[in-house]
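The chain contents come next:
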Amino acid sequence: MRSLERVDKRLTNGLALGVIWLAAITTVAALGAILLYVVVNGIGSLTPAFIFTWPHGVNMEGGIWPTIQSTVYVTALAMLITTPVAVLAAVYLAEYAVQGRLVRTIRFAADSLASVPSIVMGLFGLAAFVEGAGLKFSVLAAALALSFLLLPIVMRTTEEAIRSVPRYARWGSYGLGATKWQTVSRIVLPSATPRITTGVILAAGRAAGETAVVIYTMGTMINAPLFPSDGGRTMPVHLMLLAQDGINLHAAYGTALVLVLMVLAFNIVARWVSRRNRSMQG
Amino acid sequence: MTDKLASQDPGDVLSAGADKFTVDGLDFFYGAFNALSGIDVRIKEHAVTAFIGPSGCGKSTFLRCLNRMNDLIPGTRCEGKVRLDGHDVYGPGVDPADLRRRVGMIFQQPNPFPMTIYDNVAYGPRLHGMRKRADLDAVVEESLKRANVWKEVKDILGRGGLTLSGGQQQRLCIARVLAVEPEVLLMDEPCSAIDPTSVQKVEDLMAELKDRITIVIVTHNMQQAARVSDYTAFFLQELAGEAAHLIEFDRTATLFTTPRDRRTEDYITGRFG
């Protein structure tokens, strides 16, 4: 009876391990499959000319440069708008607000905002910024709509980063007669910066890959935007339209590859930043 | 309990010397829990006062009442009077930041900031407006010397404070506090997480500092209290869930040789705690 139980336990243990391992492999395999698919189909199009020239005709030939410029521009502007607001809001939530119902409500609102479907955010951006505020289809309208999507993400990661700064570090500062703002600005935020940066970079990756929001706020016109009031077409939108038309699937895969590489680069940089932080504090 | 000190012989040594802190009828609450009750104590200027007692007897909590560090813990409340040089530290118009500059604090866990040794020590003076490099250099050197750590770090001031050993970190933290020239230094079990050599150095510097600074140290090490302090206060929470009290307060020599209270005697002879 006893030995039977032991066999049973060992069996369960082995099974559990197998299932967990399988789940882990599936995650990696999913990423691998997507990368492989995009690389195999897109690598043929990936030439310097493809990256640095404009499309010709009905997008039959040529490169994708204006879409890269549009993507980088709108992402950078969205982060420029989002980051200060999100960081200050997180500082308020983590350091200043009396922890209670109000803070719980704000947090719940932020989490809800983060789960609003991006197509809804796109429609809101169209109504509020493109038409309401008269910004037309523009980088600025898209950046504002994107920042609604990114605000809760950056805010929550920043809040976590701030909370992870040890209590002892704050006390050391207060114990020297520092005010709250002195402690927050000179000890807490510098200590939390690497983790905040990681969150910001990951959010930038999210912004660069967003389709639904930008299509309704920035339009689909192929353009290399110079001013925030200019319109444009980002890579994801370009990819979607190419795939829809089915005229130039090679360019679609090429665009997909550039986009994936860009987002992957964001992720790698984010990891590197958080690694460097860990080794510096250790 | 409250009249314990009042009942002492008026010619008692405790009435000699200036009082830096006077505490009357202090009660402290964590939410609804009354953690400390009826604390009366006088802390003498330019002396070392030790708080002893078993874990959880509220000695660290009481220490934090003296510079309002407990204000930072949500849901806590303090009743009664705490006076520094005769002024109520919980009175209206008192800025806790000013109070904490005058009443510095050292924690159990050394807590250098993630910056260079130099910047750690210069942090306080910079907070309070010192900008000139020469002034800062002088304060940094002077403070590190007084904290007994100058010789070990004088050539590596640009290195991160967190790269030092635990004991050096603790002395760096002491230097950091000394740099803002506090009148009182509160030390919350400063030696419990550091190596014996550093313990010796910290105890030495306490003896050197007390000419200019009033020191209060919380320790669970009775030998340390006996070695370093002039006065000792014994705290005890007699029943779990009840408030802790100050059982006895006296000159260290007296308290350790001829304690008046049976509970003090039981504690210092190692019968509990």
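Small disclaimer: the values here were computed from a predicted structure and weren't measured. (Residues numbered from 1 in each chain as written. Chains lettered and ligands numbered in written order. Predicted model: local features only at pLDDT ≥ 70, side-chain atom pairs only at ≥ 80, totals over all residues.)

1. Here we look at the overall build of chain A
Phase 1 of the analysis: When its secondary structure is counted, chain A shows eleven helices and two strands.
Phase 2 of the analysis: In chain A, the order of α-helices and β-strands from amino to carboxyl end is α-α-β-β-α-α-α-α-α-α-α-α-α.
Phase 3 of the analysis: Overall, the C-alpha framework of chain A stretches about 70 × 65 × 35 Å when taken along its three principal axes.
Phase 4 of the analysis: Buried positions account for 41% of the 282 residues belonging to chain A.
Phase 5 of the analysis: Considering only contacts within chain A whose residues lie at least 6 apart along the sequence, 74% involve residues at least 24 apart. (Helix = DSSP H or I, 4+ residues; strand = E, 2+ residues; numbered from the N terminus. Buried ≥ 20, exposed ≤ 12 C-beta atoms within 10 Å, placed from the backbone. Contact = placed C-beta atoms within 7 Å.)

2. Some details on the nonpolar core
Phase 1 of the analysis: Counting residues in hydrophobic clusters, the biggest one holds 137 residues, and the most contacted among them are V74(A), A141(A), A142(A), L146(A), V216(B) and F235(B).
Phase 2 of the analysis: Considering each element in turn, this core owes the most residues, 17 residues, to helix α6 (residues 139-163) of chain A.
Phase 3 of the analysis: Among residues more than four places away in sequence, those in contact with V74(A) are V139(A), A142(A), A143(A), L146(A), V214(A), M218(A) and T234(A).
Phase 4 of the analysis: With 13 residues, the next largest nonpolar core counts L242(A), Y253(A), L257(A) and L259(A) among its residues. (Core = buried A, V, L, I, M, F, W, Y, C linked by C-beta atoms within 7 Å.)

3. Remarks on the interface of chain A and chain B
Frequently, the measure chosen for interface size is the accessible area that the parts lose on association.
Phase 1 of the analysis: Counting residues at the interface gives 15 residues for chain A and 23 residues for chain B.
Phase 2 of the analysis: Those elements giving two or more residues to the side of chain A that touches chain B turn out to be α7 (167-174) and α8 (180-208) of chain A.
Phase 3 of the analysis: With five residues, α7(A) is the largest single contributor of residues to the side of chain A that touches chain B.
Phase 4 of the analysis: Across the side of chain A that touches chain B, the residue classes tally to seven nonpolar, eight polar and no charged. (Nonpolar A, V, L, I, M, F, W, Y, C, P; charged D, E, K, R; others polar.)

4. Points about unusual backbone geometry
All names here are of chain B.
Phase 1 of the analysis: Of note, the phi angle at R68 is positive, near 60°, even though the residue is not glycine.
Phase 2 of the analysis: Counting through the fold element by element, R68 comes out in the loop between α1 (59-66) and β4 (76-84).
Phase 3 of the analysis: The backbone phi angle of D85 is positive, close to 50°, even though this residue is not glycine.
Phase 4 of the analysis: Along the chain, D85 falls in the loop between β4 and β5 (87-88).
Phase 5 of the analysis: On the neighbour-count criterion, D85 (14 C-beta atoms within 10 Å) is partly exposed.

5. A look at the domain arrangement of chain A
All names here are of chain A.
Phase 1 of the analysis: Parsing chain A into structural domains produces domain 1 (2-42) and domain 2 (50-281).
Phase 2 of the analysis: Distance between the C-alpha centres of domain 1 and domain 2: 33 Å.
Phase 3 of the analysis: Taken together, the contact pairs five residues of domain 1 with five residues of domain 2.
Phase 4 of the analysis: Per-class residue counts for the side of domain 1 that touches domain 2 are three nonpolar, two polar and no charged. (Domains from an automatic or database assignment.)

6. Quick word on the sheet that holds β5(B)
All names here are of chain B.
Phase 1 of the analysis: In spatial order, the strands read β2-β1-β4-β5; together these four strands make up an open sheet with antiparallel pairing. Of all the strands in the sheet, the pair left with one neighbour each is β2 (33-44) and β5.
Phase 2 of the analysis: Of the pairings in the sheet, the one linking strand β1 (residues 19-30) to β2 comprises eight bridges and is antiparallel in character. Paired with F29 across the bridge in β2 is N34. (Pairing = 2+ DSSP bridges.)

7. Quick word on the sheet that holds strand β9 (residues 231-236) of chain B
All names here are of chain B.
Phase 1 of the analysis: Strands sit in the order β6-β7-β8-β3-β9-β10 across an open sheet of six strands; the sheet is mixed. With partners counted over all chains shown, the strands left at the sheet margins are β6 (103-106) and β10 (245-251), one partner each. Put simply, the sheet's adjacent strands are angled 15° from each other on average, direction ignored.
Phase 2 of the analysis: In this structure, strand β3 (residues 48-52) lies alongside strand β8 (residues 214-218), joined through four bridges in parallel fashion. Opposite V48, over in β8, you have I215 as the bridge partner.
Phase 3 of the analysis: Sheet strands in contact with helix α6 (residues 166-178) are β6 and β7 (184-188), and its direction is about 170° off that of β6. (Axes fitted to C-alpha atoms, helices over the stretch in contact; angles between N-to-C directions.)

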